[in-house]
Amino acid sequence: MNVQSKSCQHVKPDQVTCLEGVAVGYSTTLIVVAAVEFSLQFMVLCQVHPGSATRTDLLSCFAAWDGEHYVRIASEGYSWHPDRMSNVAFFPAYPVLGAMVCRLTGFRTEAGLLVVNYAALAGCFVLFGNYVRSRSAQDPTSTASYALLSLGLWPTTFWMRMCYTESLFLFVTLAAMLSMQHHRHPLIVALIIGFATATRSTGVALIPVFCLWLWRGNLNSLRSQPEPDSNRRTLIRAGLLATAYLPVMVWGLIGYMTWLNHLFGDPFVFMQTQIHWTERPVDGPLDNLFRLVTLEPFRAVYDAADPGYWGRVPPNQVALLNLKFTNPIFVAITVLLLIVGIRRGWINAGEWILAAGLLGIALWFQGVRTTMMSQARYASVVYPVYIILGQILSRIPSPIAAMLCACSAVVLAAYSAMFCSWYFFY
């Protein structure tokens, strides 16, 4: 007994957090992998989309839908065709890292991409666990544990286990936020943010958080007001620093645009090709704003006369298993949870500004013209929601919390299996 006590004393709190994060990430990912294997062995393949023919074995199951584009980029490089969907819409950090793994190991492309994915995912759980535990010493230990479970079991996080950018993007986002929380040098933080913009365009949502951090100096105390006498001076200083670091914060985006200009003679082809993912045209920014304000893309999903109606794509027998049906629901839940978190003081200004940026950019550029396509996926990386869920679950009776986690795990497995069987999960 004494030996055990002494040995436990040598285990540091951050080591315990790392082990817990890895354990939660591993166990919840097993649910997804088991569901993928079940899908391959027992589920009927949805052959409505021609891409379903690429599902030939277990590895190919993880590269359904957009995963095909990342596999093609990693193995063949970028291509652009003005008259159809082109893979220039997908940013380079993830497929480039996957291609590097393949070259170093000789792995198949899907395997190389998954190595990047799961390494980033393990990093997400470790960073997120440390982030939650270090942001507030007053929170009970169970809050961080439930926050980790929320990240692992939230139904739409199945994308983090597929050949998609979600896990890498979340890892880089958490690295940037944790670096600000630990007062790293602004240049280091700016470089990390720049890598986020090489992963996904929504990486620019970190820029206003960085500016706020420069102004207030402490991400953990963003609720507090600065001293009136120093307000103007610190604001000017922060503005000058942010301007100086701006090119560093967008080095990934600038690098990608430079490469596209070299390949295709136009740095904006990644935006131009987006028109081929359009379900309903938008007549300018004012029309886009009006439709968002009136919640038209949300309502259109449930209008049988609209081209974006959820019942037009399989699976259309069970609404809750149709992601077209649940995309607006997941976004609405995310927004409601953020409102609760802000009102209760569970998330700070930097976190809700980041969340608003991630959701707002996706809704503005994609939500209207695609009738909420993939919005649940975009919302899955809004990590402050998992902090809020951790707070809620730690405050309700344990049996109820366990039941909610179990229900979420079932939906997570179902979504994973449907996705890999090429039902319209985007």
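Since we're looking at a predicted model, the values are computed, not measured.

Enquirer: Would you mind showing me how to read the pattern of salt bridges here?
Expert: Pairing between side chains of opposite charge can happen when the charged atoms of each approach one another. Tallying each qualifying case throughout the model produces 11 salt bridges. Its salt-bridge partner being arginine 377, residue aspartate 66 comes within 3.5 Å of it at the nearest N-O pair. With aspartate 66 in helix α4 (residues 66-76) and arginine 377 in helix α18 (residues 375-379), the pair connects residues that are 311 residues apart, well separated along the chain. Like aspartate 66, the residue arginine 377 is buried in the burial classification. Note that glutamate 279 is salt-bridged to lysine 324, the shortest N-O span being 3.1 Å.

Enquirer: I'm lost on the layout of surface pockets in this one. Help?
Expert: The probe, sized like a water molecule, is rolled over the atoms to show the empty space still left. Of the pockets and cavities examined, the largest pocket occupies roughly 1,400 Å³. Forming the boundary of the largest pocket are 47 residues, of which Ala89, Gln274, Gln366, Arg369 and Tyr378 lie nearest the centre. Taken together, the elements giving at least two residues each to the lining of the largest pocket come down to α4, α12 (251-264), α13 (269-272), α14 (284-293), α17 (349-367) and α18. Classifying every residue of the lining of the largest pocket gives 27 nonpolar, 13 polar and 7 charged. Reported here for the second largest pocket is a volume of approximately 510 Å³. Around the second largest pocket sit 21 residues that line it, and Trp154, Pro155, Leu404, Cys407 and Ser408 are the ones nearest its centre. Looking at the lining of the second largest pocket, the elements with two or more residues in it are α7 (141-153), α16 (323-344), α19 (384-395) and α20 (398-420).

Enquirer: Got a minute to help me understand α12 in this structure?
Expert: Note that an α-helix has 3.6 residues per turn; residues three or four places apart therefore point the same way. The end-to-end C-alpha distance of α12, which contains 14 residues, comes to 20 Å, matching closely the 20 Å that a straight helix rising 1.5 Å per residue would cover. Among the residues of α12, those classed as buried are Gly252, Leu253, Tyr256, Met257 and Leu260. Looking down the long axis of α12, one finds its buried residues gathered within 130 degrees of arc, a one-sided arrangement. Of the exposed residues in α12, the ones pointing more than 90 degrees away from its buried face are Thr258 and His262. Of the surrounding secondary structure, the elements contacted by the buried residues of α12 are α9 (186-199) and α13.

Enquirer: Is there a simple way to explain the packing of aromatic side chains in this structure?
Expert: To describe a pair of aromatic rings, you give the distance between the ring centres and the angle between the ring planes. Applying the stated criterion across every chain yields a total of 30 aromatic pairs. Between phenylalanine 90 and tryptophan 277, the ring centres sit 6.1 Å apart and the planes meet at 80 degrees, which makes this aromatic pair edge-to-face. On the criterion of sequence distance, the pair formed by phenylalanine 90 in the loop between α4 and α5 (93-105) and tryptophan 277 in the loop between α13 and α14 is long-range, its members being 187 residues apart. Each member of the pair, phenylalanine 90 together with tryptophan 277, is buried. For the ring pair phenylalanine 128 and tyrosine 383, a centre distance of 6.2 Å and an interplane angle of 80 degrees mean the geometry is edge-to-face. Note that phenylalanine 128 is positioned in helix α6 (residues 109-135) and tyrosine 383 in the loop between α18 and α19, a separation of 255 residues in sequence. Summarising the burial analysis for this pair, phenylalanine 128 and tyrosine 383 share the class buried. Through a chain of ring-to-ring contacts, three or more aromatic side chains come together here, namely Trp154, Phe158, Trp159, Tyr164, Phe330, Tyr415, Phe419 and Phe425. If you follow arginine 200 out to its NZ or CZ, it ends over the ring of phenylalanine 169, 5.2 Å from the centre.

Enquirer: What exactly am I supposed to notice about the environment of tryptophan 352 here?
Expert: Relative to the elements of secondary structure, tryptophan 352 occurs in helix α17. Sequence spacing of tryptophan 352 and glycine 341 is 11 residues, and the spatial spacing of their C-alpha atoms is 8.7 Å. The residues contacting tryptophan 352, other than those within four sequence positions of it, are Ile342 and Ile347.

Enquirer: Got a minute to help me understand the packing of α4 against α6 in this structure?
Expert: Between two packed helices, both the angle of their axes relative to each other and the distance between the axes serve to describe the pair. At a closest axis distance of 9 Å, the pairing of α4 and α6 adopts a crossing angle of 105 degrees. By the criterion of interaxial angle, the relationship of α4 to α6 is roughly perpendicular. Contacts between α4 and α6 involve Tyr70, Val71, Ala74 and Ser75 from the first element and Thr109, Glu110 and Leu113 from the second. Considered class by class, the residues forming the contact of α4 with α6 number 4 nonpolar, 2 polar and 1 charged.

Cut-offs and rules
Once a new chain begins, its residue numbering starts again from 1 and follows that chain's sequence as written. Local features are withheld for residues below a pLDDT of 70 in this predicted model, meaning they are given only at 70 or higher, and side-chain atom pairs are given and counted only at 80 or more; totals for whole chains, interfaces and linings count all residues. In computing side-chain properties, one takes all heavy atoms of the structure into account and sets aside hydrogens as well as water. In what follows, salt bridge is the name for a side-chain nitrogen of Lys or Arg lying within 4 Å of a carboxyl oxygen of Asp or Glu. Runs of H or I in DSSP of at least four residues are treated as helices and runs of E of at least two as strands, each being numbered from the N terminus. Here the term buried applies to any residue with accessible area under 20% of the maximum for its type, exposed to any over 50%, and partly exposed to those in between, with areas from a 1.4 Å probe on protein chains only. Put simply, the grid is 1 Å and covers the protein atoms alone, a cavity is a trapped set of points that fit a 1.4 Å probe, a pocket is an open set with protein on both sides within 12 Å along at least five of seven lines, and lining residues have an atom within 4 Å of a point. Grid points are joined across faces, edges and corners, and a volume is the space filled by probe spheres set on the points. Nonpolar residues are Ala, Val, Leu, Ile, Met, Phe, Trp, Tyr, Cys and Pro. Charged residues are Asp, Glu, Lys and Arg, and all others, Gly as well, are polar. Every helix has an expected span of 1.5 Å times one less than the residues it contains. Picture the helix axis, draw a direction to every C-beta atom, and the arc is the one those directions span. We call two residues in contact whenever any of their non-hydrogen atoms come within 4.5 Å of each other. What counts as a ring pair is set by centres within 6.5 Å for rings of Phe, Tyr and Trp (its six-membered ring), and what kind of pair is set by the plane angle: stacked under 30 degrees, edge-to-face over 60, tilted for all other angles. Should the NZ of a Lys or the CZ of an Arg lie within 6 Å of a ring centre and within 35 degrees of the ring normal, that charge is described as sitting over the ring. The axes are straight lines fitted to the C-alpha atoms, using for helices just the contacting stretch, and the angles between their N-to-C directions are given from 0 to 180°. Angle categories: roughly parallel below 35 degrees, roughly antiparallel above 145, roughly perpendicular from 65 to 115, and oblique for all the rest.

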